[in-house]
Amino acid sequence: MAFSLPPLPYAKDALAPYISEETLEYHYGKHHQAYVNNLNKLVDGTADAERSLEEIIVNADGGVFNNAAQVWNHTFYWEGLKPNGGVPEGALVDAIDRDFGSVDALKQALTEAATTQFGSGWAWLVVDGGSLAVTKTGNADMPLRHDQKPLWTIDVWEHAYYIDYRNARPEYIQKVLDNLMNWDFIIDNYARAMRL
Amino acid sequence: MAFELPTLPYAYDALEPHIDARTMEIHHTKHHQTYVTNVNKALEGSPLASKSVEELLRDIKSVPEDIRQAVINNGGGHANHSLFWQIMGPGKGGEPSGDLSKAIGSAFGGFDSFKETFAKAATTRFGSGWAWLVKDGQGNLNVYSTANQDSPLMEGHVPILGIDVWEHAYYLNYQNRRPDYINAWWNVVNWDKVAELYASK
(Lines give C-alpha, C1' and ligand atoms only; values in the text may rest on other atoms or scores of the structure.)
Protein backbone atom coordinates (compact mmCIF):
# COMPACT_ATOMS: atom_id res chain seq x y z
CA MET A 1 0.00 0.00 0.00
CA ALA A 2 1.47 3.31 -1.02
CA PHE A 3 2.04 6.19 1.37
CA SER A 4 -0.02 9.28 0.73
CA LEU A 5 0.19 12.98 1.53
CA PRO A 6 -2.04 13.60 4.56
CA PRO A 7 -4.50 16.47 4.14
CA LEU A 8 -3.34 19.79 5.55
CA PRO A 9 -5.34 20.37 8.78
CA TYR A 10 -6.31 23.88 7.65
CA ALA A 11 -6.53 26.07 4.56
CA LYS A 12 -3.26 27.10 2.90
CA ASP A 13 -3.77 30.70 3.99
CA ALA A 14 -4.58 29.82 7.61
CA LEU A 15 -1.09 30.59 8.92
CA ALA A 16 -0.78 33.99 7.20
CA PRO A 17 0.68 36.52 7.73
CA TYR A 18 3.29 34.57 9.70
CA ILE A 19 3.62 31.83 7.10
CA SER A 20 2.20 32.77 3.72
CA GLU A 21 -0.13 30.82 1.46
CA GLU A 22 2.64 30.86 -1.16
CA THR A 23 5.03 29.15 1.26
CA LEU A 24 2.44 26.47 2.04
CA GLU A 25 1.81 25.92 -1.67
CA TYR A 26 5.45 24.99 -2.12
CA HIS A 27 6.22 23.54 1.29
CA TYR A 28 3.17 21.30 1.52
CA GLY A 29 2.25 20.97 -2.15
CA LYS A 30 5.77 20.41 -3.52
CA HIS A 31 8.30 19.53 -0.81
CA HIS A 32 6.08 17.36 1.39
CA GLN A 33 4.52 15.73 -1.69
CA ALA A 34 7.98 15.04 -3.15
CA TYR A 35 9.04 13.19 0.01
CA VAL A 36 5.89 11.04 -0.26
CA ASN A 37 6.52 10.34 -3.95
CA ASN A 38 10.20 9.56 -3.42
CA LEU A 39 9.44 7.24 -0.52
CA ASN A 40 6.87 5.34 -2.57
CA LYS A 41 9.35 4.96 -5.42
CA LEU A 42 12.06 3.69 -3.05
CA VAL A 43 9.95 1.17 -1.13
CA ASP A 44 7.97 -0.13 -4.10
CA GLY A 45 8.28 -3.92 -4.16
CA THR A 46 10.27 -4.04 -0.90
CA ALA A 47 9.24 -5.17 2.59
CA ASP A 48 9.13 -1.50 3.65
CA ALA A 49 6.07 -1.00 1.46
CA GLU A 50 4.08 -3.00 4.03
CA ARG A 51 5.55 -1.29 7.08
CA SER A 52 4.30 1.78 8.92
CA LEU A 53 6.11 5.07 8.53
CA GLU A 54 7.34 4.82 12.14
CA GLU A 55 8.69 1.29 11.61
CA ILE A 56 10.62 2.48 8.56
CA ILE A 57 11.95 5.54 10.38
CA VAL A 58 13.30 3.53 13.29
CA ASN A 59 14.99 0.91 11.09
CA ALA A 60 15.89 2.39 7.71
CA ASP A 61 18.94 4.29 6.47
CA GLY A 62 19.87 6.40 3.49
CA GLY A 63 17.24 7.62 1.08
CA VAL A 64 14.45 5.51 2.55
CA PHE A 65 15.05 6.98 6.00
CA ASN A 66 15.43 10.53 4.68
CA ASN A 67 12.17 10.47 2.77
CA ALA A 68 10.17 8.53 5.36
CA ALA A 69 11.33 10.82 8.17
CA GLN A 70 10.65 13.93 6.12
CA VAL A 71 7.10 12.72 5.39
CA TRP A 72 6.57 12.19 9.13
CA ASN A 73 8.33 15.40 10.22
CA HIS A 74 6.28 17.60 7.92
CA THR A 75 2.96 16.02 8.90
CA PHE A 76 3.90 16.60 12.55
CA TYR A 77 5.01 20.18 11.83
CA TRP A 78 1.71 21.05 10.16
CA GLU A 79 -0.27 19.64 13.07
CA GLY A 80 1.80 21.63 15.54
CA LEU A 81 0.96 24.95 13.90
CA LYS A 82 -2.32 26.74 14.46
CA PRO A 83 -3.43 30.33 14.89
CA ASN A 84 -4.98 30.73 18.36
CA GLY A 85 -3.72 27.27 19.27
CA GLY A 86 -4.65 27.40 22.94
CA VAL A 87 -2.42 27.89 25.97
CA PRO A 88 -0.20 25.54 27.95
CA GLU A 89 -2.11 24.11 30.91
CA GLY A 90 -2.39 21.28 33.42
CA ALA A 91 0.35 18.68 33.82
CA LEU A 92 2.23 20.14 30.83
CA VAL A 93 2.69 23.49 32.59
CA ASP A 94 3.98 21.74 35.71
CA ALA A 95 6.49 19.84 33.60
CA ILE A 96 7.57 23.01 31.74
CA ASP A 97 8.09 24.83 35.04
CA ARG A 98 10.02 21.88 36.43
CA ASP A 99 12.29 21.37 33.41
CA PHE A 100 12.67 24.90 32.01
CA GLY A 101 11.49 27.26 34.76
CA SER A 102 8.78 28.91 32.67
CA VAL A 103 7.03 28.88 29.29
CA ASP A 104 9.17 31.86 28.28
CA ALA A 105 12.32 29.94 29.15
CA LEU A 106 11.08 27.00 27.08
CA LYS A 107 10.52 29.33 24.13
CA GLN A 108 14.00 30.73 24.66
CA ALA A 109 15.45 27.20 24.51
CA LEU A 110 13.49 26.47 21.33
CA THR A 111 14.69 29.74 19.80
CA GLU A 112 18.29 28.91 20.63
CA ALA A 113 18.05 25.39 19.18
CA ALA A 114 16.22 26.49 16.02
CA THR A 115 18.56 29.42 15.40
CA THR A 116 21.77 27.46 15.86
CA GLN A 117 20.88 24.34 13.85
CA PHE A 118 23.48 24.88 11.13
CA GLY A 119 22.20 24.03 7.68
CA SER A 120 18.91 22.22 7.17
CA GLY A 121 17.05 20.64 10.05
CA TRP A 122 14.54 20.85 12.85
CA ALA A 123 14.19 21.94 16.47
CA TRP A 124 12.03 19.86 18.80
CA LEU A 125 10.29 19.77 22.13
CA VAL A 126 10.50 16.16 23.27
CA VAL A 127 9.96 13.89 26.23
CA ASP A 128 13.27 12.23 26.99
CA GLY A 129 13.19 9.66 29.78
CA GLY A 130 10.26 11.32 31.54
CA SER A 131 11.58 14.88 31.31
CA LEU A 132 10.93 17.59 28.77
CA ALA A 133 13.88 18.57 26.61
CA VAL A 134 14.62 20.77 23.61
CA THR A 135 16.75 19.27 20.84
CA LYS A 136 17.85 20.02 17.30
CA THR A 137 18.43 17.59 14.44
CA GLY A 138 20.10 17.89 11.04
CA ASN A 139 18.33 17.26 7.73
CA ALA A 140 15.72 14.51 8.25
CA ASP A 141 16.93 13.24 11.62
CA MET A 142 14.25 13.19 14.29
CA PRO A 143 13.46 12.17 17.91
CA LEU A 144 12.10 8.65 17.23
CA ARG A 145 15.66 7.75 16.20
CA HIS A 146 16.89 8.81 19.61
CA ASP A 147 14.30 7.11 21.85
CA GLN A 148 12.60 10.43 22.46
CA LYS A 149 8.91 11.25 22.10
CA PRO A 150 8.32 14.37 20.03
CA LEU A 151 5.77 16.91 21.26
CA TRP A 152 6.33 19.75 18.81
CA THR A 153 8.68 20.83 16.05
CA ILE A 154 9.75 23.77 13.94
CA ASP A 155 11.20 23.25 10.48
CA VAL A 156 14.34 25.31 9.86
CA TRP A 157 15.14 24.10 6.37
CA GLU A 158 15.43 27.32 4.39
CA HIS A 159 12.43 26.31 2.28
CA ALA A 160 10.26 26.73 5.41
CA TYR A 161 10.88 30.47 5.60
CA TYR A 162 12.81 31.75 2.60
CA ILE A 163 9.83 33.13 0.65
CA ASP A 164 8.53 35.03 3.68
CA TYR A 165 11.66 35.91 5.64
CA ARG A 166 14.68 35.39 3.30
CA ASN A 167 17.78 34.91 5.46
CA ALA A 168 16.03 36.17 8.63
CA ARG A 169 15.55 32.78 10.28
CA PRO A 170 15.34 34.26 13.82
CA GLU A 171 12.36 36.39 12.78
CA TYR A 172 10.52 33.35 11.38
CA ILE A 173 11.21 31.44 14.59
CA GLN A 174 9.92 34.26 16.74
CA LYS A 175 6.73 34.70 14.71
CA VAL A 176 5.99 30.99 14.89
CA LEU A 177 6.68 30.74 18.61
CA ASP A 178 4.62 33.82 19.39
CA ASN A 179 1.67 33.16 17.11
CA LEU A 180 1.38 29.64 15.76
CA MET A 181 2.15 27.15 18.52
CA ASN A 182 -0.67 24.62 18.76
CA TRP A 183 -0.63 24.06 22.52
CA ASP A 184 -3.67 21.77 22.40
CA PHE A 185 -1.63 19.46 20.17
CA ILE A 186 1.35 19.63 22.55
CA ILE A 187 -0.90 18.89 25.56
CA ASP A 188 -2.33 15.82 23.77
CA ASN A 189 1.12 14.61 22.76
CA TYR A 190 2.41 15.07 26.29
CA ALA A 191 -0.49 13.11 27.78
CA ARG A 192 0.11 10.29 25.31
CA ALA A 193 3.87 10.30 25.90
CA MET A 194 3.41 10.14 29.68
CA ARG A 195 0.30 7.90 29.48
CA LEU A 196 -1.54 10.39 31.69
CA MET B 1 43.35 41.16 10.76
CA ALA B 2 39.70 40.39 10.41
CA PHE B 3 38.24 38.82 7.28
CA GLU B 4 36.20 41.05 5.01
CA LEU B 5 33.39 40.44 2.56
CA PRO B 6 35.00 40.43 -0.90
CA THR B 7 33.54 42.74 -3.50
CA LEU B 8 31.47 40.91 -6.08
CA PRO B 9 33.41 41.02 -9.39
CA TYR B 10 30.20 41.94 -11.31
CA ALA B 11 26.84 43.60 -10.70
CA TYR B 12 24.07 41.80 -8.80
CA ASP B 13 22.00 41.55 -11.97
CA ALA B 14 24.91 40.37 -14.14
CA LEU B 15 23.95 36.70 -13.97
CA GLU B 16 20.30 37.24 -14.94
CA PRO B 17 18.21 35.42 -15.96
CA HIS B 18 20.01 32.35 -14.63
CA ILE B 19 20.55 33.78 -11.15
CA ASP B 20 18.37 36.75 -10.31
CA ALA B 21 19.64 40.03 -8.83
CA ARG B 22 17.60 39.71 -5.63
CA THR B 23 19.09 36.29 -4.88
CA MET B 24 22.61 37.52 -5.61
CA GLU B 25 22.24 40.56 -3.37
CA ILE B 26 20.85 38.65 -0.37
CA HIS B 27 23.30 35.81 -0.91
CA HIS B 28 26.29 38.17 -0.96
CA THR B 29 25.32 40.90 1.52
CA LYS B 30 23.44 38.74 4.03
CA HIS B 31 24.50 35.10 3.89
CA HIS B 32 28.16 35.57 2.96
CA GLN B 33 28.47 38.59 5.26
CA THR B 34 27.11 36.52 8.17
CA TYR B 35 29.79 33.86 7.64
CA VAL B 36 32.46 36.58 7.61
CA THR B 37 31.08 38.17 10.77
CA ASN B 38 30.82 34.85 12.57
CA VAL B 39 34.25 33.52 11.62
CA ASN B 40 35.75 36.80 12.84
CA LYS B 41 33.81 36.43 16.08
CA ALA B 42 35.05 32.85 16.53
CA LEU B 43 38.69 33.84 15.95
CA GLU B 44 38.63 37.03 17.98
CA GLY B 45 41.70 37.22 20.21
CA SER B 46 43.14 33.98 18.79
CA PRO B 47 46.65 33.86 17.30
CA LEU B 48 45.03 31.96 14.43
CA ALA B 49 43.31 35.17 13.32
CA SER B 50 46.42 36.08 11.30
CA LYS B 51 46.05 33.04 9.02
CA SER B 52 44.15 32.95 5.75
CA VAL B 53 40.86 31.12 5.74
CA GLU B 54 42.34 28.57 3.34
CA GLU B 55 45.23 27.91 5.73
CA LEU B 56 42.82 27.45 8.61
CA LEU B 57 40.68 24.95 6.70
CA ARG B 58 43.64 23.02 5.28
CA ASP B 59 44.93 22.48 8.80
CA ILE B 60 41.60 22.38 10.61
CA LYS B 61 42.93 20.02 13.29
CA SER B 62 45.20 22.78 14.56
CA VAL B 63 42.15 24.93 15.34
CA PRO B 64 41.22 24.49 19.02
CA GLU B 65 38.23 22.22 19.54
CA ASP B 66 36.08 24.86 21.20
CA ILE B 67 36.04 26.99 18.04
CA ARG B 68 36.70 24.31 15.41
CA GLN B 69 33.09 23.74 14.37
CA ALA B 70 32.50 27.50 14.17
CA VAL B 71 35.54 27.82 11.87
CA ILE B 72 34.40 24.85 9.75
CA ASN B 73 30.93 26.38 9.38
CA ASN B 74 31.76 30.05 9.03
CA GLY B 75 35.31 29.93 7.69
CA GLY B 76 34.07 27.29 5.27
CA GLY B 77 31.10 29.48 4.37
CA HIS B 78 33.47 32.41 3.72
CA ALA B 79 35.91 30.37 1.59
CA ASN B 80 33.19 28.55 -0.35
CA HIS B 81 31.26 31.69 -1.24
CA SER B 82 34.43 33.63 -2.14
CA LEU B 83 35.25 30.89 -4.66
CA PHE B 84 31.66 30.66 -5.88
CA TRP B 85 31.52 34.35 -6.91
CA GLN B 86 34.79 34.01 -8.82
CA ILE B 87 33.92 30.94 -10.85
CA MET B 88 30.78 32.59 -12.19
CA GLY B 89 30.44 35.54 -14.52
CA PRO B 90 28.18 37.26 -17.04
CA GLY B 91 28.24 35.97 -20.61
CA LYS B 92 30.12 32.85 -19.61
CA GLY B 93 29.20 29.19 -19.85
CA GLY B 94 30.36 27.04 -22.74
CA GLU B 95 33.11 24.51 -22.26
CA PRO B 96 36.61 24.45 -20.80
CA SER B 97 39.58 24.37 -23.17
CA GLY B 98 43.25 23.47 -23.05
CA ASP B 99 44.74 21.43 -20.22
CA LEU B 100 41.58 21.56 -18.12
CA SER B 101 39.52 20.19 -20.99
CA LYS B 102 41.99 17.35 -21.45
CA ALA B 103 42.03 16.59 -17.73
CA ILE B 104 38.23 16.53 -17.54
CA GLY B 105 38.16 14.30 -20.60
CA SER B 106 40.52 11.76 -19.13
CA ALA B 107 38.98 11.84 -15.64
CA PHE B 108 35.32 11.66 -16.66
CA GLY B 109 35.29 10.44 -20.26
CA GLY B 110 34.24 13.77 -21.72
CA PHE B 111 32.64 17.08 -20.83
CA ASP B 112 29.07 15.80 -21.05
CA SER B 113 29.68 12.92 -18.72
CA PHE B 114 31.53 15.26 -16.33
CA LYS B 115 28.48 17.54 -16.32
CA GLU B 116 26.25 14.57 -15.62
CA THR B 117 28.42 13.40 -12.72
CA PHE B 118 28.64 16.89 -11.26
CA ALA B 119 24.90 17.58 -11.64
CA LYS B 120 24.12 14.27 -9.98
CA ALA B 121 26.33 15.15 -7.00
CA ALA B 122 24.60 18.53 -6.74
CA THR B 123 21.08 17.12 -7.11
CA THR B 124 21.46 14.29 -4.64
CA ARG B 125 23.15 16.23 -1.83
CA PHE B 126 20.39 15.90 0.78
CA GLY B 127 19.84 19.07 2.78
CA SER B 128 22.28 21.96 2.52
CA GLY B 129 25.68 21.73 0.88
CA TRP B 130 27.87 22.02 -2.18
CA ALA B 131 28.99 19.97 -5.16
CA TRP B 132 32.62 20.29 -6.17
CA LEU B 133 35.18 19.66 -8.86
CA VAL B 134 38.44 19.30 -6.96
CA LYS B 135 42.10 18.70 -7.66
CA ASP B 136 43.58 16.19 -5.22
CA GLY B 137 47.15 15.97 -3.91
CA GLN B 138 48.26 14.08 -7.04
CA GLY B 139 46.64 16.63 -9.33
CA ASN B 140 43.78 14.29 -10.25
CA LEU B 141 40.26 15.65 -10.75
CA ASN B 142 37.36 14.36 -8.71
CA VAL B 143 33.69 15.25 -8.19
CA TYR B 144 31.81 14.95 -4.91
CA SER B 145 29.49 16.85 -2.65
CA THR B 146 29.89 18.09 0.92
CA ALA B 147 27.32 18.90 3.59
CA ASN B 148 26.62 22.39 4.88
CA GLN B 149 29.79 24.52 4.52
CA ASP B 150 32.34 21.70 4.74
CA SER B 151 35.24 22.65 2.47
CA PRO B 152 37.26 20.26 0.27
CA LEU B 153 40.33 22.05 1.67
CA MET B 154 39.79 20.06 4.88
CA GLU B 155 40.38 16.90 2.80
CA GLY B 156 43.59 18.28 1.35
CA HIS B 157 41.86 18.95 -1.99
CA VAL B 158 41.78 22.17 -3.98
CA PRO B 159 38.26 23.11 -5.08
CA ILE B 160 38.33 24.58 -8.60
CA LEU B 161 34.58 24.63 -9.28
CA GLY B 162 31.68 24.56 -6.84
CA ILE B 163 27.93 25.01 -6.86
CA ASP B 164 26.05 26.11 -3.78
CA VAL B 165 22.95 23.94 -3.29
CA TRP B 166 21.77 25.46 -0.04
CA GLU B 167 18.18 26.45 -0.73
CA HIS B 168 19.12 30.12 -0.23
CA ALA B 169 21.14 29.88 -3.45
CA TYR B 170 18.08 29.27 -5.60
CA TYR B 171 14.81 29.40 -3.69
CA LEU B 172 13.59 32.85 -4.76
CA ASN B 173 13.96 31.98 -8.43
CA TYR B 174 13.55 28.21 -8.58
CA GLN B 175 11.79 27.28 -5.30
CA ASN B 176 11.86 23.48 -4.95
CA ARG B 177 13.27 22.95 -8.45
CA ARG B 178 16.95 22.46 -7.65
CA PRO B 179 17.62 20.57 -10.91
CA ASP B 180 16.45 23.59 -12.94
CA TYR B 181 18.84 25.84 -11.04
CA ILE B 182 21.74 23.45 -11.64
CA ASN B 183 20.87 23.25 -15.31
CA ALA B 184 20.77 27.04 -15.67
CA TRP B 185 23.95 27.53 -13.63
CA TRP B 186 26.13 26.00 -16.37
CA ASN B 187 25.41 29.18 -18.37
CA VAL B 188 27.31 31.36 -15.89
CA VAL B 189 30.35 29.16 -15.20
CA ASN B 190 33.56 31.09 -15.81
CA TRP B 191 35.75 28.34 -17.27
CA ASP B 192 38.73 30.68 -17.68
CA LYS B 193 38.78 31.15 -13.93
CA VAL B 194 38.37 27.41 -13.33
CA ALA B 195 41.29 26.73 -15.69
CA GLU B 196 43.38 29.29 -13.82
CA LEU B 197 42.62 27.55 -10.52
CA TYR B 198 43.41 24.19 -12.09
CA ALA B 199 46.78 25.46 -13.34
CA SER B 200 47.81 27.11 -10.08
CA LYS B 201 49.71 25.46 -7.20
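### Re the overall build of chain A
Here is step 1 of the chain: The helix and strand inventory of chain A stands at 8 helices and 3 strands.
Here is step 2 of the chain: Each helix (α) and strand (β) of chain A, taken in turn from the N terminus, gives the series α-α-α-α-α-β-β-β-α-α-α.
Here is step 3 of the chain: Over its C-alpha trace chain A gives a radius of gyration of 16 Å, about what one expects of a compact globule, namely 16 Å for 196 residues.
Here is step 4 of the chain: Projected onto the principal axes, the alpha-carbon positions of chain A cover approximately 50 × 35 × 30 Å.
Here is step 5 of the chain: When the 196 residues of chain A are sorted by exposure, 49% land in the buried category.
Here is step 6 of the chain: For chain A, restricting intrachain contacts to residue pairs at least 6 apart in sequence, the fraction spanning at least 24 positions comes to 70%.
Here is step 7 of the chain: Total accessible area computed for chain A in this model is approximately 8,500 Å², and 47% of it derives from carbon and sulfur atoms.
Here is step 8 of the chain: Positive and negative side-chain charges of chain A, numbering 15 and 27 respectively, have mean locations separated by a distance of 2 Å.

### Structural notes on the sheet that holds strand β3 (residues 149-155) of chain A
All names here are of chain A.
Here is step 1 of the chain: What the 3 strands build is an open sheet, ordered β2-β1-β3; its pairing is antiparallel. This sheet does not close on itself; its edge strands, each paired only once, are β2 (131-138) and β3. Across the sheet, the mean angle separating the axes of adjacent strands is 20° when strand polarity is ignored.
Here is step 2 of the chain: Two strands pair when backbone bridges link them, and strand β1 (residues 121-128) and β2 are joined in this way by 8 bridges, in the antiparallel orientation. The residue of β2 that forms the bridge with L125 is V134.
Here is step 3 of the chain: Lying on the sheet, helix α3 (residues 62-80) is in contact with β1 and β3; it crosses β3 at an angle near 85°.

### What to know about the pattern of salt bridges
Residues and elements named next belong to chain A.
Here is step 1 of the chain: Scanning all chains against the criterion turns up 6 salt bridges over all chains.
Here is step 2 of the chain: For R51, the salt bridge identified is with D48, shortest N-O distance 2.7 Å.
Here is step 3 of the chain: When its relative accessible area of 38% is taken as the criterion, R51 is described as partly exposed.
Here is step 4 of the chain: Residue class for D48 comes out buried when judged on its relative accessible area of 16%.
Here is step 5 of the chain: Between R145 and D61 there is a salt bridge, with its nearest N and O atoms 3.2 Å apart. Of this pair, R145 sits in the loop between β2 and β3 while D61 sits in the loop between α2 (53-59) and α3, placing them 84 residues apart in sequence.

### With respect to the pairing of strand β1 (residues 129-135) of chain B
Residues and elements named next belong to chain B.
Here is step 1 of the chain: A large share of β1 lies buried, amounting to 7 of its 7 residues.
Here is step 2 of the chain: Of the two faces of β1, the one carrying G129, A131, L133 and K135 and the one carrying W130, W132 and V134 are both buried.
Here is step 3 of the chain: The pairing of β1 with strand β2 (residues 141-147) spans 7 bridges and is antiparallel. For W132, the partnering residue across the bridge sits in β2 and is Y144.
Here is step 4 of the chain: Between the end of β1 and the start of β2, which pair antiparallel, lie 5 residues, with G139 showing a positive phi angle near 85°.
Here is step 5 of the chain: Examined bridge by bridge, β1 and strand β3 (residues 158-164) share 6 bridges and lie antiparallel to one another.

About the thresholds
- Residues numbered from 1 in each chain as written.
- Chains lettered and ligands numbered in written order.
- Predicted model: local features only at pLDDT ≥ 70, side-chain atom pairs only at ≥ 80, totals over all residues.
- Heavy atoms only, no water.
- Helix = DSSP H or I, 4+ residues; strand = E, 2+ residues; numbered from the N terminus.
- Rg over C-alpha atoms; globule rule 2.2 N^0.38 Å.
- Buried < 20%, exposed > 50% of the residue type's maximum accessible area, 1.4 Å probe, protein only.
- Contact = heavy atoms within 4.5 Å.
- Areas by Shrake-Rupley, 256 points an atom, 1.4 Å probe, with all protein chains shown as cover.
- Lys, Arg positive; Asp, Glu negative; His and termini not counted.
- Charge placed at Lys NZ, Arg CZ, Asp CG, Glu CD.
- Pairing = 2+ DSSP bridges.
- Axes fitted to C-alpha atoms, helices over the stretch in contact; angles between N-to-C directions.
- Salt bridge = Lys/Arg side-chain N within 4 Å of Asp/Glu carboxyl O.

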